[in-house]
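# Fold and geometry: a report
Here is how the chains run, residue by residue.
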Amino acid sequence: MKIRSKLLLSVMAIVIVTYGLCIGYLIFKLRDISLQEAFEKADLYAKDNANIVGAMLNKDMDISRTMVHGMYDFRKIPQKQRASTFIKMLHGVTVGNPNLLSVWGNWEINAMDSTYKKPYGRNRYIFFREEGEIKYTEETLNLDGEAYGTSYYGVKQSKQETMLDPYWFTYSESGEQILEASTAVPLLENGNFVGLFGVDIPLVFYQDFTSKIKPFEGSFSIIFSHNGTIVGHHDEKYLGKVLGDVYAVENGMHGIAEKIFNGENFSFVYTDTINSNEYYATFIAIPIGQSQTPWSFALFTPTKVLLQQQKQISKKAIILSLIGFSVLSLVILFIAYGITKPLASIKNLLSELSLGKIDVEKSTEIRTGDEMEDINHSLNTLIDALSKTIHFASEIGKGNLNIQHTKLSDDDVLGLALLDMQASLVKAKENEDARKKEAEQTNWSTLGIAKFAEILRMNNDNIAEFSYQVISNLVKYIGAQIGALFLFNDDNAEDLHFELAASYAYDRRKYIEKRIEIGEGLVGRCAQEGEVIFMTDIPKDYIQIFSGLGDENPRCLLLVPLKLNEEVYGVVELASFEFFESHVVEFVKRIGESIAATISTVKINIKTAQLLAESKHKSEELASQEEEMRQNMEELQATQEESARKTAEMESLINAIHSSSYVIEYDTKGKIINANEAYLNLMNVTLDVIVGTHHSDNLVMTEKQLSEYKSFWEDLSRGMKKKETSQLSINDKIYTFMETYAPIFNEKNEVIKILKIAQNITDFTESNRSENGHKRRDNDT
């Protein structure tokens, strides 16, 4: 053979082998990438739909949890009213949620009836729908012992909220059964089980939901409950059947039921024994509230569908490769010597490309004016595109989701897949940022409420210091620039008005006049209407914020009435350069209620302290006058007349205290030695019965009060005054008292007894709790 023939054969062999390897490698890698991306896309579809199912199930669990929260303070409801109150709540939930089959609740009898001492026995209350009509039934169960093995007993032992496994049930006389499931949330009191609330939900929606989920040709989806019961299936005949019976072979090979039970996310490829098709199956766990019984959403997709696009691209690539080889062979026959050098360059470049070495700087420039130049250009374009793809993927891996990537063409499958991946990651990041912001706002409000609870507790005996601490901390916490607190002055019933109690960073010129009439200006209007005023268009001469750089009008103004039981105690005015977001306005409204309650308490305390101070002052004056009478008998007559007048005033004051308060005297050990008629009437006893009983009798104390009780009496014995809010159980009813303890000294300055003056604030606290409870239930709804 001639050298030319050998060269032609050598060149052809090298080109064919090199080109074939490169194309084969690219096709192989394209198959892997396409399959992996298809699997990830199927996983993403499954996760999205699992989240939808989870959201619907969690909504039903939230209803049960809300009912439990609504009954946390059931002990504060009179025993005779507990059942009726609970039944009204069940009826309201049933009416407000027409999608539910039934709403039910179980109460341990010993929680509803204090005379029932057995650890078993329950009352069950159920509202259910029968042929579109709401019906009610109640019954008493388990009076002879625990119902071992039942779902109720299981939740009673675990004390955890649970999604019960699906079951068939009928609500109509026709006997038509419905596949349903139940949410169950326990009510615990100090860790003890006292009841179980839940709802029954129809599962027909999930059957319809799975029938519509077909993201790929030939794909289908299934929803499994925690025990493997089929809740949704494209074939209705499998509805309500168990996974192990329908998919026995697949379950045996891959342990599907166990992984669903454990709440795992998993996937696998299997061959259907009926139609012999290969499927990619992905299972996504669906957590339901805090229960340990997650469900699972499964998506089954034929692998041939996932690889269909890749096979088409590979087929076209092979055809184009064959055409290229044919053209290349003809060209080599005519220009053998002309293509030797270009082929060598291309061969070397393809060799590096086959090893995964992609370097744009090594691109070659061949200008032969024929197909060789075209091949070189295409190869350079491929290398450049792969280099950009590598850079794009690297930046995405570093978290740079804003990087731009340009497709080679509308048929650039890899480019489209990468852009889809980028869009999915951007959306996921946006969702995560939104969740973080919502969590931060919730945490901000919670911390603020706790902070101001401490501030209100620490400064409740000095209205001036209390006012300043409230407004200064509120301005700082919400990021405002200025603020003012106006309190309602009702000292003179004929001159009711609001006055500036404290301000923070206000221009003094605006508030030379600290008095504002009811209905006057924005503050007076806010107080009169009892509604929040939020303004972003503020008049230029209304208020200005001053700093070292000059003065400027604020961007927004917020006025919030301090309301408690529809009574306005004051107004908070806040201004800022920044716009107040809705969660900040809601936070100020909530804090306003606490401030109003504290102001009410502070006013009562101040009035009580004034009465005590006046009483003590009168006593001291009387003692001084008696001493003067003993020293100066000549002024006896005049002194006696003055003493009689003072004594009358003192008796009037004492009578006023006795008529408006409960007055009890204790010895230094805490035993009662005397009590006024008002207290005896409240206790429904005579004085000789109550004398000698201890202060702690009938006293309802928290763990903190129990631990501090001994030091409480030691402080009183040392001459310290105390102010407390206590609860007493009197004739099976809980009373709340606001109490002032004052030691009584003898002439040697020794404590000989303790005087307690108490006001009954039970009605005030109960109405406050009721209003707050209504507000919480409204917010939950």
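Predicted, not measured: the structure shown is a model, and the values here were computed from it.

Secondary structure summary: the chain contains 21 helices and 26 strands in total. Counting over 781 residues, the chain shows a buried share of 41%. If you take every contact in the chain between residues at least 6 apart in sequence, the share linking residues at least 24 apart comes to 55%.

With that settled, the discussion passes to the pairing of strand β21 (residues 662-666). A regular strand places its side chains on the two faces of the sheet in alternate fashion. A large share of β21 lies buried, amounting to four of its five residues. With five bridges connecting them, β21 and strand β26 (residues 751-760) associate as antiparallel partners. Considered in β26, the bridge of I664 is made with K756. Here three bridges tie β21 to strand β22 (residues 672-675), and the two strands are oriented antiparallel to one another. Note that in β22 the partner of E665 across the bridge is N674.

Quick look at helix α14 (residues 463-478) now. For α14, spanning 16 residues, the distance from its first C-alpha to its last is 22 Å, which sits close to the expected 22 Å at 1.5 Å a residue. For α14, the full list of buried residues reads F466, S467, V470, I471, S472, N473, L474, V475, Y477 and I478. Of the residues one or two after α14, G479 is the one with positive phi, at around 80 degrees.

What follows covers the sheet that holds strand β14 (residues 497-504). In spatial order, the strands read β15-β14-β13-β20-β19-β16; together these six strands make up an open sheet with antiparallel pairing. Of all the strands in the sheet, just β15 (515-516) and β16 (533-535) have a single pairing partner and so form its edges. Bridge count for strand β19 (residues 556-564) against strand β20 (residues 567-576) is nine bridges, and the pairing is antiparallel. Across the sheet, the residue bridging to V560 is V572, located in β20. On the sheet, α14 packs against β13 (482-489), β14 and β20 and is oriented at approximately 55 degrees with respect to β14. Of the strands in this sheet, β13, β14, β15, β16, β19 and β20 touch helix α15 (residues 521-529), which is tilted by about 35 degrees from β19.

Let's shift gears to the sheet that holds strand β9 (residues 230-233). Read across the sheet, five strands follow the order β9-β8-β12-β11-β10 without closing on themselves; strand pairing throughout is antiparallel. Looking along the sheet, the strands with just one partner apiece sit at the ends: β9 and β10 (266-271). Sheet twist, expressed as the average angle between the axes of neighbouring strands with direction ignored, equals 20 degrees. One ladder, built from eight bridges, connects strand β11 (residues 278-286) with strand β12 (residues 295-302); its direction is antiparallel. Counted as the bridge partner of A285 is S296 from β12. Along the sheet, helix α5 (residues 204-212) makes contact with β8 (220-224), β9 and β12, crossing β9 at roughly 40 degrees.

Turning next to the environment of C526. Along the polypeptide, C526 turns up in helix α15. Remark: the alpha-carbon pair of C526 and L559, spanning 33 residues in sequence, is separated by 6.8 Å.

The next thing to look at is the packing of helix α13 (residues 413-458) against α14. Here α13 crosses α14 at 165 degrees, and the two axes come no closer than 10 Å. Regarding the angle of α13 to α14, the classification is roughly antiparallel. Crossing of α13 against α14: the hand is right-handed. Where α13 abuts α14, its residues W444, L447, G448, K451, F452, I455 and L456 lie against F466, Q469, V470, N473, L474, Y477 and I478. Looking at the contact of α13 with α14, its residues break down into 10 nonpolar, three polar and one charged.

The tendency in soluble globular proteins is for nonpolar side chains to be buried side by side. Membership of the largest hydrophobic core comes to 52 residues, with the highest contact counts inside it found for L57, M71, W107, W295 and F297. The contacts of L57, once residues within four sequence positions are left out, are M163, I201, Y206, I286, I288 and W295. Counting 32 residues, the second-largest nonpolar core is a separate cluster that includes L456, I471, C556 and A596.

A few words on the pairing of β19. Counting buried residues along β19, eight of its nine residues qualify, which places the element largely inside the surrounding structure. Where β16 and β19 come together, three bridges link them in antiparallel fashion. If you follow F534 over to β19, its bridge partner there is L558. As consecutive antiparallel partners, β19 and β20 are separated by two residues, and within that stretch N565 has a phi angle of approximately 55 degrees, a positive value.

Moving on, we get to a nonpolar patch on the surface. The grouping of I319, L320, I323 and V327 at the surface amounts to a nonpolar patch, some 350 Å² of accessible area in total. Structurally, L320 can be placed in helix α10 (residues 308-334). Here L320 falls in the exposed class, since its relative accessible area comes to 59%.

The next point concerns the pattern of salt bridges. Inspection of the entire model under this criterion finds 19 salt bridges. Between K398 and E395 there is a salt bridge whose closest N-O contact spans 4.0 Å. Given a relative accessible area of 65%, K398 falls into the exposed group. Among the salt bridges present, the one from D715 reaches R718, with a minimum N-O distance of 2.3 Å.

Our focus in this paragraph is the packing of aromatic side chains. Given two aromatic rings, their pairing is described by the distance between the two centres and the angle made by the two planes. One pass over the full model with this rule turns up 37 aromatic pairs. With a centroid separation of 5.4 Å and an interplanar angle of 80 degrees, the aromatic rings of F534 and F579 are classed as edge-to-face. With F534 in strand β16 and F579 in the loop between β20 and α16 (582-631), the pair connects residues that are 45 residues apart, well separated along the chain. Ring pairs connect the aromatic residues F220, F224, Y247, F266, F268, Y270, Y279, F283 and F300, which therefore count as one cluster. Directly above the aromatic system of F266 lies the positively charged group of K259, at a separation of 5.1 Å from the ring centroid.

What follows concerns the confidence of the model for the chain. Per-residue confidence for the chain averages 83 on the pLDDT scale, and 89% of its residues sit at or above 70. pLDDT under 50 marks residues 546-550. Its contacts with residues more than four places away, or in other chains, come to four contacts.

Here the focus is the side chain of R82. Following the sequence through the fold, R82 ends up in helix α2 (residues 79-96). One buried charged residue, R82, forms no salt bridge at all, with the nearest opposite charge on E189 at 7.5 Å. For R82, the residues in contact, after removing those within four places along its chain, are F74, R75, I77, A111 and M112.

Of all the residues in α15, the buried ones are L522, V523, G524, C526 and A527. Buried positions along α15 lie against β13, β14, β15, β16, β19 and β20.

What follows is about unusual backbone geometry. Outside of glycine, negative phi angles account for most residues, and trans bonds account for most peptide bonds. Even without glycine at this site, N142 takes up a positive phi of about 60 degrees. Among the secondary structure elements, N142 is positioned in the loop between β3 (133-141) and α4 (151-158). In this structure, S276 takes a positive phi of about 60 degrees despite not being glycine. Here S276 is to be found in the loop between β10 and β11.

This next bit is on the environment of L522. Assignment of secondary structure puts L522 in helix α15. For L522 and L559, which are 37 residues apart along the polypeptide, the C-alpha to C-alpha distance reads 7.9 Å.

Rules of the game
- Residues numbered from 1 in each chain as written.
- Predicted model: local features only at pLDDT ≥ 70, side-chain atom pairs only at ≥ 80, totals over all residues.
- Heavy atoms only, no water.
- Helix = DSSP H or I, 4+ residues; strand = E, 2+ residues; numbered from the N terminus.
- Buried < 20%, exposed > 50% of the residue type's maximum accessible area, 1.4 Å probe, protein only.
- Contact = heavy atoms within 4.5 Å.
- Pairing = 2+ DSSP bridges.
- Expected span 1.5 Å × (residues − 1).
- Axes fitted to C-alpha atoms, helices over the stretch in contact; angles between N-to-C directions.
- Parallel < 35°, antiparallel > 145°, perpendicular 65-115°, else oblique.
- Left-handed = near helix turned anticlockwise from the far one by under 90°.
- Nonpolar A, V, L, I, M, F, W, Y, C, P; charged D, E, K, R; others polar.
- Core = buried A, V, L, I, M, F, W, Y, C linked by side-chain atoms within 4.5 Å.
- Patch = residues over 30% accessible without salt bridge, like charges linked within 9 Å, V, L, I, M, F, W, Y side chains within 5 Å.
- Areas by Shrake-Rupley, 256 points an atom, 1.4 Å probe, with all protein chains shown as cover.
- Salt bridge = Lys/Arg side-chain N within 4 Å of Asp/Glu carboxyl O.
- Phe/Tyr/Trp six-rings, centres within 6.5 Å; stacked < 30°, edge-to-face > 60°.
- Lys NZ or Arg CZ within 6 Å of the ring centre and 35° of its normal.
- pLDDT = per-residue confidence, 0-100.
- Lys, Arg positive; Asp, Glu negative; His and termini not counted.

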